[in-house]
Amino acid sequence: MGEALLTQKLVGDRLELVAGGSWTAPYAGELETEIDRVAGGPSGAKSTKTTDVSIDMGGVRELDTFGAWLLERLTRQWTGAGRDAVVVGLPQHGADLVEEMHGVNREPPPPAPRHNPIVSVLAAIGRGTTGFAGSFHTFAQMLGETGLAAARVLVRPSEYRLTSTVHQFDRVALQAVPIIALITFLIGAILAQQGIFHFRKFGAELYAVDLVGILVLREIGVLIVAIMVAGRSGSSYTAELGSMKMREEIDALRTMGFDPVEVLVLPRIIVLVLALPALTFLGSMAALYGGGIVAWLYGGMSPDIYIARLTDAISLTHFKVGMIKAPFMGLVIGLVACAEGLRVKGSAESLGIQTTKSVVESIFMVIVLDGLFAIFFASIGM
Amino acid sequence: MSETPPVIKVRDLVVGFGTQTVLDHLDMDVRPSEILGVVGASGAGKSVLLRTIIGLIPRREGSIEVLGKDLDRVDENERRALERRWGVLFQQGALFSSLTVKQNVQFPMRENLDISQRLMDEMAYAKLELVGLSPRDGEKFPSELSGGMTKRVALARALALDPEIVFLDEPTSGLDPISAGDFDELIRTLQQTLEITVFMVTHDLESLYNACDRIAVLADGKVAAEGTISVMLESQHPWVKMYFQGKRGSSLADRELTQ
Ligand SMILES: Nc1ncnc2c1ncn2[C@@H]1O[C@H](COP(=O)(O)OP(=O)(O)OP(=O)(O)O)[C@@H](O)[C@H]1O
Ligand SMILES: [Mg+2]
């Protein structure tokens, strides 16, 4: 450091430049400023006073590709204007390096893609719309393919991948039990507390039990479980399938004559269809249990009264409504997760985007489905 | 040459995974400005050795000195400074999938140098041209590249900061013979012009003949033989014999001799 990288001297109509110091990557920033100053200066490449330039590289201690390129850029300023640039004093290996750099950057760089703000906004809207339509399309396609694969498996049950199913069931259902039980327990407790607190004003605390019972069995149990499973297992399905797609594992399966939907998607979806009712049942029980505990400790309702009131308030219908919905929600979550997983492109970023989409879309679909079921059950009087 | 201290000095290195010992009391020197070819059977531990030297795999015993610094005794800052002085080409390329080719090459520059965007662009295109790619490939994403292009971009990225040492893990595998030959020549040119030291893992006999100054053979967790190609041809070690004097090896050796 401290040494001048480039000094200039005018000898007649000849510009003499003397280089020194280290022409290497760490000094490239400074060096570039120097070079632009000299070349664009009063006696630089554009001036009419000087005819040619000589650059003495003898004092340069180190030279790397950064320095060599900048030297090349410097000489091109003059040669480009049809004048002479002479480089002297380069050591042998430096000369080789400059020779290497001589050929590069001859073509103009490819134009950076232009962005018209209005066009890009319109393009983004268009992409969003077709993306939305595309999501539905892939969802429908996945539904069809899974249905086909399921039909094939029904014809030849021996081809079904049982090991994979058992493994997935362990991950999706059994390992989810503690967290699902805990969360639904807390939700049940909160519902009971809120019910008792507000109904107490009318002296109708007992109805809090109706509230907890009906709400949990019909709606909250299955919804909370579905949302948990979408976040927990749906996202992992998408990430798994997506990274398999990225590493060409899916293509490999296909070339070996396997149908990826049959091998990877079908077992996962079947597992979800089985796991959701099981987890919903468990979650509903945990929520009722949580409600009972709060009713007892906070509402002063003995367990006997709670249970008696509960049996009065709820019927098998409420329970059935919740349980009927569960497998469909499992199906939707599985389809969305797998479809989004298979849409992953080459980059890590796209894996992230698709995983986010998978969770958001499946939760959205679960809630829409729940609404449709509500209309359906209302019209058949359940 | 042997008086100058080695650029990489590995002593008594033991590396293993679980119950498996991959490298077993291995010693190795890499001399300044040489191209060292590391060969060995698949699974012999070449990649593991490379990854251990650059500090990605923990070692059980032994010491590693790179550019005169003991890797156990450097602090965080020294280590980062050291990492800036080497470039690595991983066996699988390891390009950043969400950046374009140009951005991949510029990534180390952007992080470590204070230079203008214009110079960064020019340098990125220059490096791409050096490794035989055209500037038009700069806007592509890694998933849109062929296998050989991936290797080239990875090399360009490894060379982005003009490192003093480059570690190459099978740079020519997956390239057609002509490109592989160009690659060898390129590495030779770079080594001569930039005076870099090259640590190259390879299976490519052509590369060993054309590019490497010295060869180290890895077998049974140790360096079983090291030296120039003629030393290898005379070695009595069974694996080395098979490798260099087998069908493919000897035809190359004959050709080399007749030239
Ligand atoms: N992360 C890891 N965990 C466990 N074992 C590993 C790991 N990485 C490598 N190994 C084992 O270490 C041994 C050496 O592997 P390495 O990748 O170094 O082979 P290689 O010599 O580079 O082979 P190739 O020429 O095929 O690339 C192998 O037996 C491998 O299974
Ligand atoms: Mg390897």
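Residues numbered from 1 in each chain as written. Chains lettered and ligands numbered in written order. Predicted model: local features only at pLDDT ≥ 70, side-chain atom pairs only at ≥ 80, totals over all residues. Heavy atoms only, no water.

If you look chain B up in an unreviewed UniProt entry, it shows as ABC transporter ATP-binding protein from Methyloceanibacter methanicus.

An unreviewed UniProt entry lists chain A under the name ABC transporter permease, with Methyloceanibacter methanicus as the source organism. The UniProt entry for chain A carries the following text under Subcellular location (unreviewed entry): "Cell inner membrane". Among the UniProt annotations of chain A, the heading Sequence similarities (unreviewed entry) holds the following wording: "Belongs to the MlaE permease family." (UniProt positions renumbered as here; feature names shortened; annotations may be inferred.)

Asks: Sorry if this is basic, but what is going on with the sheet that holds strand β4 (residues 85-88) of chain A here?
Replies: Residue and element names in this part refer to chain A. The sheet built from four strands is open, its strands ordered β1-β2-β3-β4 with mixed pairing. Each end of this open sheet is capped by a strand with a single partner; those strands are β1 (6-11) and β4. For this sheet, the mean inter-axis angle between neighbouring strands, taken without regard to orientation, is 20°. Summarising the sheet, β1 and strand β2 (residues 14-23) pair through six bridges and their orientation is antiparallel. Within the sheet, the bridge partner assigned to Leu-10 lies in β2 and is Leu-15. (Pairing = 2+ DSSP bridges. Helix = DSSP H or I, 4+ residues; strand = E, 2+ residues; numbered from the N terminus. Axes fitted to C-alpha atoms, helices over the stretch in contact; angles between N-to-C directions.)

Asks: Looking at this structure, I do not really get helix α1 (residues 46-53) of chain B. What am I missing?
Replies: Residues and elements named next belong to chain B. Counting buried residues in α1 gives six out of eight residues, a clear majority hidden from the surface. Among the residues making up α1, those that are buried are Lys-46, Val-48, Leu-49, Leu-50, Thr-52 and Ile-53. At the exit of α1 stands Gly-55, carrying a positive phi of roughly 85°. (Buried < 20%, exposed > 50% of the residue type's maximum accessible area, 1.4 Å probe, protein only.)

Asks: Sorry, what's going on with the interface of chain B and chain A here?
Replies: When the parts come together, some accessible area is lost, and that loss is often what is quoted as the size of the interface. Counting residues at the interface gives 27 residues for chain B, matched by 27 residues for chain A. Summed over both partners, the interface of chain B with chain A buries about 2300 Å², with 62% contributed by carbon and sulfur atoms. Linking chain B with chain A are one salt bridge, by the criterion used here. In this structure, B:Glu122 and A:Arg73 form a salt bridge, with 2.3 Å as the shortest nitrogen-oxygen distance. Here chain B is connected to chain A by six residue pairs in polar contact (both at pLDDT 80 or more). Listing elements by their share of the side of chain B that touches chain A, those giving two or more residues are α4 (117-130) and α6 (177-194) of chain B. (Contact = heavy atoms within 4.5 Å. Buried area = accessible area lost by both parts, 1.4 Å probe. Salt bridge = Lys/Arg side-chain N within 4 Å of Asp/Glu carboxyl O. Polar contact = N/O pair within 3.5 Å; in protein donor to acceptor, adjacent residues only side chain to side chain.)

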